[in-house]
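Spelled out from the first residue to the last, the chains are:
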Amino acid sequence: MKPRFVDGTLWLDGRPRFLITGEYPYYRDRPGRWAAKLAAVREAGIEVVTCYVPWRHHEVADGDGRRWCFDGDGDGSRDLGRFLDLVAATGLLAVVKPGPFVHAELPYGGLPDRVSPTLDPRRPAARSADGRPLPCRQYTLPSAHDPGFLADATDWLRAVGRFLRPFAHPGGPVVAAQIGNEGHYGESALPIDALDYSPPGTGAFARFAPGTAPPSPAEGGRSANGLRSQVDWGRWSAEALAAGMAGLAEALGTDVPVFTTCAPPARADRVPGREAGRHDAWLARNRIGAAGALPRAYTSWTGDVLRDEEALVDYVLAAKAGPGPNIEENWGLDWADAGCAFPVVPVHHTLLGVACGATGVSVYPACATEGWGRHLSVDRALPTETAGDLAPFEPPYGDAAPILLDARPGPAFAALRVLTHFLAGRQQALALSRPEPGVRWGVHPPYAAIGAWDWARDGDRPAPSADRTLVPFVTHCLRRNLPFRLTELTGRTAPDPAAGPLVAASGRFMERALQQRLADFAARGGSLLLVGEPPALDEHLNPCAELAEAVRRSGTGVVALDGQPVAAAVEDWLADRPGTAVRARPGPWLDLRRTTEDPGEALVFLFNRSDAPVRARTAYGGHPVTADLVGGGCAVVQVTHGRLGACYVKGRNERTGAQVPVRVQVGGDLLSTDRPCDLSALRAPDGFAVRTSAERGEARVFLPAGP
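Residues numbered from 1 in each chain as written. Predicted model: local features only at pLDDT ≥ 70, side-chain atom pairs only at ≥ 80, totals over all residues. Heavy atoms only, no water.

Caption draft 1: Spotlight on the overall build of the protein chain. When helices and strands are tallied, the protein chain shows 17 helices and 32 strands. Compactness check: the protein chain gives a C-alpha radius of gyration of 25 Å against a globular reference of 27 Å for 707 residues, within 12% of the reference. Seen through its principal axes, the protein chain has C-alpha atoms that stretch 75 × 70 × 50 Å. In the protein chain, buried positions account for 61% of the 707 residues. Restricting the contact set of the protein chain to residue pairs at least 6 apart, pairs at least 24 apart contribute 73%. As displayed, the protein chain offers around 25600 Å² of accessible surface, 51% of which is attributable to carbon and sulfur atoms. Side chains of the protein chain carry 75 positive and 80 negative charges; the gap between the two charge centres is 3 Å. (Helix = DSSP H or I, 4+ residues; strand = E, 2+ residues; numbered from the N terminus. Rg over C-alpha atoms; globule rule 2.2 N^0.38 Å. Buried < 20%, exposed > 50% of the residue type's maximum accessible area, 1.4 Å probe, protein only. Contact = heavy atoms within 4.5 Å. Areas by Shrake-Rupley, 256 points an atom, 1.4 Å probe, with all protein chains shown as cover. Lys, Arg positive; Asp, Glu negative; His and termini not counted. Charge placed at Lys NZ, Arg CZ, Asp CG, Glu CD.)

Quick look at the structure:
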């Protein structure tokens, strides 16, 4: 039976599989180290190896031409077949990621230099609205719409696909493939005007929206034509990205499912001058809350959520963007975030993603590597301003990874083994559960397409931006432990009143069809709250007040954007609806849930973002749930019909040195330890399976009585 993704979860051999993955960049390591490293990966509790397959590594010169090399000819690290055989022999599975652009801290993002417009001026470059080419270290990136580049990329992917066929599950270890990398070139988080204003790009837009010129900062959104241009560009950006990924997946032609990835919103410090539109650009491009042609994973490069609220909000948004696995969690690149060197940080991040709905976790990278060839090193002869910071390109890669260069356990190894013990032991519960239902935030792509140009500061806007609506809403929900989810308003399926309360941003204009959809939702008894003014115009800026009339008839709530706190108003609105079960759970900790169809079962996730220890107190199904949390620590408690079914506790904060003994209680069940430690405890018919990691020696565990 072939693997497949169902609602973001990988199904393998007819059963849902929660993915526990670790990145091993085989191309950066000496082949003689592969077997020992893979054995250490399995010992760490990782079940699936992920690896980029860099185009520039496997394309080699052959006389006056070039050829694909997947064996050890000339460089043993190109022997991908041997590597995958070792993966299988070690009892591991694999997810391969052939790009074409992979980034991965490789020169030119893993592309061969020959496809660069810098070296071949006949190739059109990817360009921004102001004409700047999109760079990647020393070279300019080609337009992803250029037929010449697409032909080269298709040849590469077809070669990879042909090579991988014998390695596909069930006969081989490969269970899935990732195409692209956060888009074609990481553009899933780039500003809306960053690409592609190249001639092939604008030509593709002209075919998508005949008669509409690409938007520009000079035109802005002051006219109907300017608004239409921005909305059409946003729609095209999303559809071109989705269609481009689908085309690359078709070229790969594997017998395993292919997925793509979504990055979190860009951090404010990474888009200077574009901060105001960064969340809207992300919403517009990625069609958040909507089903796509390909399954979608997410990456999580946001910064330290323990110390940065911006990072926390962006991380949660990425994890809630749609069902799928976390495919990159930083466990080893301390130049990207020094906190990753302390297991408390990646563990906190990992479990936050799981609590928000991730269908898999990642250790990136699982192994430290060194010894790659010059073709994978940045040319030191480049001017400093061109090469930039060389730290990401220097060996070892993954200097804080759980597995060291010589395959010995690193400082994070023991903590990782405790975490994977819990995740693997509750594989089925994780695979079948989803985040608890909550208030729905309706994402409106046309508003996002307009809001993405807020940085242009062209005056009054006819649509509310995410910075004024979504971001304060998410921030409040996290502070108050108010469950929420994201859904697309203009998707194929109309919102169902039975699915719970719906909040939608609203501005002076709204498409007539959406006004009718929301009016029908309210007429059928749906709980609807508009954030902003009820619309008076349709998408053509003609008079249309269907939704405004429905608001007056149904008593739908409206929150004006006049300084009133958006999210607090949402909570007040929910409190006025006694039939609505969505309520906040106030407390100085994050309290998130995953539930199943069994109302007596839940996974309760508790996170302490402060530096002080706390006893987190909550309840599920009328049963009290408590857990002692070290500063920065976290816990997962499985509640099974009022009993403790399992738990994981991060009782040690390696960054601060603080630690607390484990104490978890569900109803009358109490589990504790005699000393601080990380702990995983899994109830089985004959008792609990336990794994701990303490600073010195083994912790003694006191288990609940009874079966």
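Caption draft 2: Representation of the packing of helix 5 (residues 199-208) against helix 6 (residues 224-252) in the model. Packing of helix 5 against helix 6 leaves a shortest axis separation of 10 Å and a crossing angle of 110°. Taken together, the axis directions place helix 5 and helix 6 in an arrangement best described as roughly perpendicular. Contacts between helix 5 and helix 6 involve Gly201, Ala204, Phe205 and Phe208 on the former and, on the latter, Ser229, Asp232, Trp233, Arg235, Trp236 and Glu239. The class makeup of the residues in the contact of helix 5 with helix 6 is five nonpolar, two polar and three charged. (Axes fitted to C-alpha atoms, helices over the stretch in contact; angles between N-to-C directions. Parallel < 35°, antiparallel > 145°, perpendicular 65-115°, else oblique. Nonpolar A, V, L, I, M, F, W, Y, C, P; charged D, E, K, R; others polar.)

Caption draft 3: Examining the environment of glycine 600 more closely. Tracing the backbone shows glycine 600 in the loop between strand 22 (590-595) and strand 23 (601-607). Leave out the neighbours within four places in its chain, and glycine 600 touches Tyr620, Val639, Thr640 and His641.

Caption draft 4: Structural detail: the nonpolar core. Among the nonpolar cores identified, the biggest contains 172 residues, and Phe83, Leu351 and Leu352 are the most heavily contacted of them. Not counting the four nearest positions on each side in its chain, leucine 352 is found in contact with Val305, Leu312, Tyr315, Val316, Leu590, Leu592 and Phe607. (Core = buried A, V, L, I, M, F, W, Y, C linked by side-chain atoms within 4.5 Å.)

Caption draft 5: Here's a closer look at helix 14 (residues 470-480). The buried count for helix 14 comes to eight of eleven residues, which makes it a mostly enclosed element. All of the buried residues in helix 14 are Leu470, Val471, Phe473, Val474, Thr475, His476, Cys477 and Leu478. Those residues of helix 14 hidden inside the fold are in contact with helix 7 (278-286), helix 8 (309-319), strand 17 (439-443), strand 18 (484-488), helix 17 (566-575) and strand 22. Just downstream of helix 14, asparagine 481 is the residue with a positive phi angle, here 55°.

Caption draft 6: Fine view of the sheet that holds strand 15 (residues 360-363). Taken in spatial order, the eight strands of this open sheet run 14-13-12-11-8-5-4-15, and their pairing is parallel. Two strands close off the open sheet at either side, each with one partner strand: strand 14 (326-328) and strand 15. In this sheet, adjacent strand axes meet at a mean angle of 35° when their direction is disregarded. Across the sheet, helix 3 (residues 80-89) is in contact with strand 5 (48-52), strand 8 (93-97) and strand 11 (174-178); its angle to strand 8 comes to roughly 150°. (Pairing = 2+ DSSP bridges.)

Caption draft 7: Spatial organisation of the pattern of salt bridges. Under the criterion given, the structure shown has 40 salt bridges. Here aspartate 591 makes a salt bridge to arginine 585, at a shortest N to O gap of 3.3 Å. Across the pair, arginine 585 and aspartate 591 agree in class, each one buried. In this structure, the salt-bridge partner of lysine 650 is glutamate 654, at a minimum N-O distance of 2.6 Å. Owing to a relative accessible area of 1%, lysine 650 belongs among the buried residues under this scheme. (Salt bridge = Lys/Arg side-chain N within 4 Å of Asp/Glu carboxyl O.)

Caption draft 8: Structural context of the environment of proline 112. Considering the arrangement of structural elements, one finds proline 112 in the loop between strand 8 and strand 9 (135-136). Beyond its immediate chain neighbours, meaning those up to four positions away, proline 112 contacts Trp55, Arg56 and Glu59.

Caption draft 9: Inspection of the side chain of serine 116 at higher detail. Structurally, the position occupied by serine 116 is in the loop between strand 8 and strand 9. Exposure remark for serine 116: the relative accessible area of 0% places this residue in the buried category.

Caption draft 10: Summary view of the pairing of strand 4 (residues 19-23). Among the five residues of strand 4, five are classified as buried, and the element is accordingly described as predominantly covered. As paired strands, strand 4 and strand 15 are joined by four bridges and run parallel to one another. Considered in strand 15, the bridge of isoleucine 20 is made with valine 361. As paired strands, strand 4 and strand 5 are joined by three bridges and run parallel to one another. From the neighbouring strand, threonine 21 faces strand 5, where its bridge partner is valine 48.

Caption draft 11: Expanded view of the packing of helix 15 (residues 512-523) against helix 16 (residues 546-554). For the pair helix 15 and helix 16, interaxial distance at closest approach is 8 Å and the crossing angle is 15°. Classified by the angle their axes make, helix 15 and helix 16 are roughly parallel. Crossing geometry of helix 15 relative to helix 16 is assigned as left-handed. Residues Arg512, Gln515, Gln516, Leu518, Ala519 and Ala522 of helix 15 lie in contact with helix 16, whose contacting residues are Glu546, Leu547, Ala550 and Ser554. By residue class, the composition of the contact of helix 15 with helix 16 is five nonpolar, three polar and two charged. (Left-handed = near helix turned anticlockwise from the far one by under 90°.)

Caption draft 12: Summary view of the sheet that holds strand 3 (residues 15-17). The strand order across the open sheet built from three strands is 1-2-3, with neighbouring strands paired in antiparallel fashion. Taken across any chain shown, the strands that pair with only one partner, and hence form the sheet edges, are strand 1 (4-6) and strand 3. Adjacent strand axes in the sheet meet at a mean angle of 45°, parallel and antiparallel pairs treated alike. Relative to strand 3, strand 2 (residues 9-12) runs antiparallel, the two being bridged by three bridges.

Caption draft 13: Up close: the packing of aromatic side chains. Tallied over the entire structure, the rule returns 25 aromatic pairs. An angle of 25° between the planes, with centres 6.0 Å apart, marks the rings of phenylalanine 70 and tryptophan 156 as stacked. Within this pair, whereas phenylalanine 70 is found in the loop between strand 7 (65-68) and helix 3, its partner tryptophan 156 is found in helix 4 (residues 147-164), the two being separated by 86 residues in sequence. We classify phenylalanine 70 as buried; its relative accessible area is 11%. A ring pair is formed by phenylalanine 473 and phenylalanine 484, whose centres lie 5.6 Å apart and whose planes are at 80°; its orientation type is edge-to-face. Here the residue phenylalanine 473 occupies a position in helix 14, and phenylalanine 484 occupies one in strand 18, the gap between them amounting to eleven residues. Aromatic ring contacts, followed pair by pair, group Trp55, Trp68, Phe70, Phe101, Phe149, Trp156, Phe163, Phe167 and Tyr185 into a single cluster. Between the NZ or CZ atom of lysine 97 and the centre of the ring of tyrosine 52, over which it lies, the distance is 4.0 Å. Against the face of phenylalanine 484 rests lysine 320, its NZ or CZ located 4.8 Å from the ring centre. (Phe/Tyr/Trp six-rings, centres within 6.5 Å; stacked < 30°, edge-to-face > 60°. Lys NZ or Arg CZ within 6 Å of the ring centre and 35° of its normal.)

Interpretation in functional terms is not warranted from these geometric data alone.
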